[in-house]
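Listed here are the chains, written in short residue letters.
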Amino acid sequence: MNFPKHLMYSKTHEWVEKINETTARVGLTQYAQDELGDLVFVNLPAVGDAVTEGHSFGDVESVKAVSDIFSPVTGKVAAVNEELLDAPQKINEDPYGAWMVEVKDITAFGELLDDICYAAYCEAAQDA
Amino acid sequence: MEKKTPLYEQHVALGGRMVPFAGYLLPVQYPTGVIAEHMAVRQHAGLFDVSHMGEALLEGPDAEKNLNEILSNNFTGMPLGSARYTLMLYENGGVVDDLIVYRTGQQKFFLVLNAANTQKDLEWLQLHLKGNAALQDISAQVAQIALQGPDAAKLLATLAEQSLLPVKYYAFTENVKVAGAVCMVSRTGYTGEAGYELYLAPKDAPAVWDALVAAGATPCGLGARDTLRLEAAMPLYGHELSATIDPLSAGLGFAVKLDKPEFIGKGALLAIGQPAEVRVGLKVTGRGIVREEEDVLIGEEKIGKTTSGTHCPAVGAACAMAYVASQHSAVGTAVEVLVRGRRVEAEIVPLPFYKKSR
């Protein structure tokens, strides 16, 4: 499993890339896409929507099931990766390249783990 | 505690993601993934462990008579070496199970039952057997492997004597050696592709599975099994069929012979007449995936409910099956489906969603 060092990770398997103190990009980790399987549909918020740390801001659908995506930050959606709407499989193919939303005006970050702690967290989850 | 099929170790060795299903541990997918496995069946040949299915033997001078009286299809004059799809009904016309009956002898029939319904089916059959006929549960002595896809025949011919393989759909041959193991081979399947189902001794299953994989078949899990059967519009008990759904509403009249003198459920079906609700196919024209148990609407009016749905890889769209009021069931009807509070546009299309090209 690959967990890039420059990213932070939530316990609900989203990654966060801090662009500056109040802006970040968010996506799903390799662990998440592996657990979900082939993704066939993505529901993303609109530009301008408010997102709240710990709350669902969209969902992804695999062949078998729907899963909520939880926002790791509180802020406003500045950009949405439209490419994913037609090609959700990019999340499987390149989870760290396939950013889902860019959030600005961030006022809070949720509990985030570094790559080492997240890797350990995933290992523990696998064994459970 | 789930049971393991004879092929459990094969699945684990291939990286199968094991899940509990109908009391067994089976792979939902392998590292290939559901979509690639699905397309392997549509384009080449896929392999399925279906050993969880139930099997029974019905033997005796009154075996045929019992089948005619307990099941919906007609078994009089059924040739040796042929199989027939049938429903087993309750008195009220609802479905106990859908099953396949193989005639292996003048007075001998081999029944294949849905895994989840095996116990229920055996009890129902036993309860209704009359005269000189004996029912035997042989599920534990039968393993089953399905090989499906346009290349299935070519592939199987590398491991078995081609002249012995069944050719016609729903024909079968017993005592065929496949990779050295004795099998009953039938031209049946649950994918909408040409292919075979092999019935064999559990101890022989691992070697035959390995030989088929080595010959080029792609192992496929339950995920692909479901997307394939849905594209082919094949019903799944618990979804399109149940104790409260009759086979005529389900569009399975071909397996119901109302001109038979008597069978359990006949009276109820005659009383139903034209079904009030019928099974239709929905193709999503809007954005979203439609799944089971979702309301189908025309404007503010609820006209029905979905029974199964998913993304269909070979169709390239999300498709679903639903029961809707007959008066709204015409192909081309525009509907909406309520998907987690959101209306998703769909259209009634002919079934099956996918038809094989070669």
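All figures in this text were calculated on a predicted structure; none of them were measured in a lab. (Residues numbered from 1 in each chain as written. Chains lettered and ligands numbered in written order. Predicted model: local features only at pLDDT ≥ 70, side-chain atom pairs only at ≥ 80, totals over all residues.)

**Here we look at the overall build of chain A**
So, step 1. Of regular secondary structure, chain A possesses four helices and nine strands.
So, step 2. Counted from the first residue to the last, chain A has its helices and strands arranged as β-β-β-α-β-β-β-β-β-α-α-β-α.
So, step 3. Structurally, chain A occupies a C-alpha span of about 35 × 30 × 20 Å along its principal axes.
So, step 4. When burial is assessed residue by residue, chain A has 39% of its 128 residues classed as buried.
So, step 5. Sequence separation of 24 or more characterises 64% of the internal contacts of chain A that already satisfy a separation of 6 or more. (Helix = DSSP H or I, 4+ residues; strand = E, 2+ residues; numbered from the N terminus. Buried ≥ 20, exposed ≤ 12 C-beta atoms within 10 Å, placed from the backbone. Contact = placed C-beta atoms within 7 Å.)

**Observations regarding the environment of Gln43(B)**
So, step 1. Within the secondary structure layout, Gln43(B) lies in helix H2 (residues 34-43).
So, step 2. Sequence separation of Gln43(B) and Lys120(B) is 77 residues, and the distance between their C-alpha atoms is 37 Å.

**With respect to the interface of chain B and chain A**
Interface size is commonly expressed as the accessible area that is lost once the parts come together.
So, step 1. Counting residues at the interface gives 10 residues for chain B and seven residues for chain A.
So, step 2. Secondary structure elements with two or more residues in the side of chain B that touches chain A: H2, helix H7 (222-231) and strand E17 (301-312) of chain B.

**Quick notes on the confidence of the model for chain B**
So, step 1. Averaged over every residue, the pLDDT of chain B is 97; residues scoring 70 or more account for 99%.
So, step 2. We note a pTM of 0.93 for the whole complex and an ipTM of 0.84 for its interfaces. (pLDDT = per-residue confidence, 0-100.)

**Here's the deal with the sheet that holds strand E1 (residues 8-9) of chain A**
Residue and element names in this part refer to chain A.
So, step 1. Spatial ordering of the open sheet is given by E1-E2-E3-E9-E8-E5, a layout of six strands whose pairing is antiparallel. Bordering the open sheet on either side are E1 and strand E5 (50-51), each of which pairs with just one other strand.
So, step 2. The pairing of strand E8 (residues 73-80) with strand E9 (residues 101-109) spans six bridges and is antiparallel. Pairing of Val73 across the sheet is with Phe109, part of E9. (Pairing = 2+ DSSP bridges.)

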